[in-house]
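Tertiary structure, described
The residues making up each chain are set out below.
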Amino acid sequence: MSAPARPIPAARRTRRPVDGSLPILASALLWGTTGTASSLAPAGAPATGIGSAALVLGGLLLFLTDRAAWSLPRRSGAGERWLLAVGAVAVTGYPLTFYPAVTRTGVAVATVIALGSAPVFTGLLVWLARQGRPGGRWAGATALAVLGCAVLVLGPELAGGGAAVDPVGVLLAALSGLSYAVYSLIAGRLIAAGHPSGGVMGAMFGGAAVLVLPVLLGGPVQWLASARGAGVVLHLGVITTFLAYRLFGHGLRHTSAQTATTLTLAEPAVAAVLGVAALGERLPAVSWCGLAVLAGGLAFLTLPGRR
């Protein structure tokens, strides 16, 4: 096997926002439609079944539409094949922990913990792997974005007095954030080593689709035969998995996983605005303040800094 290409220098990978930040933000925009789409699923559709069905469809599409994904495990060395396997398990872990967390502790709390913990886990994993210490710019922007995300999503509950939080649901949401951080870091490392982003995403998500298939088939599947159920899975599989992760993979070629996981905190902002515009929901003033803080953190991270 030929030697892998040298990692892309950080300065080169983050030079143009149109290559790195904008595709990541576009993927977050698509992910923001997940809650609205899944709420349209027919009654009786289990949360894990919806997530598993979307992963099976989207993962197979990512794998079958990119030839590099077919050959990547064969062309990779033993270490890279191990990374692909761990990445596939991490991808599988996200829907299997996040959707039960939503059921136990609610959408707002689960979203804040999962998305808010992902950048923190990413920074810690990078530091533990001795791949560099997160910079002050990233830390400041991440702190602002996580704070804004929490205030935005938890605003309605804070205004209404809130409710008791399920500890198991909190743990499951944190595990989903860890899963997201792990497969984002693995994808970024393999892409930086010179492998095509589509091939890396296709190989990991194709493996995850196979792993999660027994979970889907082990539960009720009658809801998939309805027009509404099929439409929800098509949207989640094609738009929020296949297309979104193609964009996410392209963005990882030009930016670090730490920055990428912070930028995807835009997802709850998109979901909140979509809920107001499409579902007629109302946000209290504190949530709009959180949205402004979140936008400021993301803008601080996205705009180029001084050389």
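Residues numbered from 1 in each chain as written. Predicted model: local features only at pLDDT ≥ 70, side-chain atom pairs only at ≥ 80, totals over all residues. Heavy atoms only, no water.

**Regarding the confidence of the model for the protein chain**
- Mean pLDDT over the protein chain: 80, with 79% of residues reaching 70 or higher.
- Confidence, expressed as mean pLDDT per element, reaches its minimum in the protein chain at helix α1 (residues 10-13) with 41 and its maximum at helix α10 (residues 197-217) with 94.
- Between residues 1-15, whose pLDDT stays under 50, and residues either more than four places distant or in other chains, the model counts 21 contacts. (pLDDT = per-residue confidence, 0-100. Helix = DSSP H or I, 4+ residues; strand = E, 2+ residues; numbered from the N terminus. Contact = heavy atoms within 4.5 Å.)

**Things to note about the nonpolar core**
- With 62 residues, the main nonpolar core has Tyr183, Met201, Met204, Phe205, Tyr245, Phe248 and Leu252 as its most contacted residues.
- For this core, the element with the most residues is helix α9 (residues 167-192), which contributes nine residues.
- With residues up to four places along the chain from it excluded, the contact list for Phe248 reads Ile24, Ser27, Trp31, Tyr180, Ser184, Met201, Ala260 and Thr264. (Core = buried A, V, L, I, M, F, W, Y, C linked by side-chain atoms within 4.5 Å. Buried < 20%, exposed > 50% of the residue type's maximum accessible area, 1.4 Å probe, protein only.)

**Notes on the packing of aromatic side chains**
- Summed over all chains, the structure comprises 11 aromatic pairs.
- Ring plane angle 10° and centroid distance 5.4 Å describe the contact between Tyr94 and Phe98, whose orientation is recorded as stacked. Residue Tyr94 and its partner Phe98 are located together in helix α6 (residues 78-105), separated by four residues, close to a single helical turn. Grouping residues by exposure puts Tyr94 and Phe98 together as buried.
- Site record: aromatic cluster; members linked through ring pairs are Trp31, Tyr94, Phe98, Tyr180, Tyr183, Phe205, Tyr245 and Phe248. (Phe/Tyr/Trp six-rings, centres within 6.5 Å; stacked < 30°, edge-to-face > 60°.)

**Here's the deal with helix α4 (residues 47-64)**
- In a regular helix each residue adds 1.5 Å, so 18 residues correspond to 26 Å; α4 covers 26 Å between its end C-alpha atoms and thus fits that length.
- Along α4, the residues classified as buried are Gly49, Ile50, Gly51, Ser52, Ala53, Ala54, Leu55, Val56, Gly58, Gly59 and Leu62. (Expected span 1.5 Å × (residues − 1).)

**Describing helix α5 (residues 67-75)**
- Taken together, the buried positions of α5 are Ala68, Ala69, Ser71 and Leu72.
- Each element contacted by the buried residues of α5 is listed here: α4, α6 and α10.
- At the N-terminal end of α5, a side-chain oxygen is found 2.9 Å from the backbone nitrogen of Ala68, two or three residues along, and the residue is Asp66. (Polar contact = N/O pair within 3.5 Å; in protein donor to acceptor, adjacent residues only side chain to side chain.)

**Side note on the pattern of salt bridges**
- Inspection of the entire model under this criterion finds one salt bridge.
- Where Arg246 meets Asp66, a salt bridge forms, and the shortest distance between an N and an O atom there is 3.7 Å. Of this pair, Arg246 sits in helix α11 (residues 227-252) while Asp66 is found in the loop between α4 and α5, placing the two residues 180 residues apart along the sequence.
- Owing to a relative accessible area of 27%, Arg246 belongs among the partly exposed residues under this scheme.
- Judged by relative accessible area, Asp66 falls into the buried class, the value being 16%. (Salt bridge = Lys/Arg side-chain N within 4 Å of Asp/Glu carboxyl O.)

**Focus on the packing of α4 against α6**
- At a minimum axis distance of 8 Å, the contact between α4 and α6 shows a crossing angle of 155°. By the criterion of interaxial angle, the relationship of α4 to α6 is roughly antiparallel. As for the relative orientation of α4 and α6, their crossing is right-handed in sense. On α6, the residues touching Ala47, Thr48, Gly51, Ser52 and Leu55 of α4 are Val91, Thr92, Pro95, Leu96, Tyr99, Pro100 and Thr103. (Axes fitted to C-alpha atoms, helices over the stretch in contact; angles between N-to-C directions. Parallel < 35°, antiparallel > 145°, perpendicular 65-115°, else oblique. Left-handed = near helix turned anticlockwise from the far one by under 90°.)

**A look at a nonpolar patch on the surface**
- A surface patch of nonpolar side chains, about 420 Å² in accessible area, is lined by Val120, Leu124, Trp127 and Leu128.
- Position of Leu124 relative to the elements: it lies in helix α7 (residues 107-128).
- Residue Leu124 is classed as partly exposed on the basis of its relative accessible area, which comes to 43%. (Patch = residues over 30% accessible without salt bridge, like charges linked within 9 Å, V, L, I, M, F, W, Y side chains within 5 Å. Areas by Shrake-Rupley, 256 points an atom, 1.4 Å probe, with all protein chains shown as cover.)

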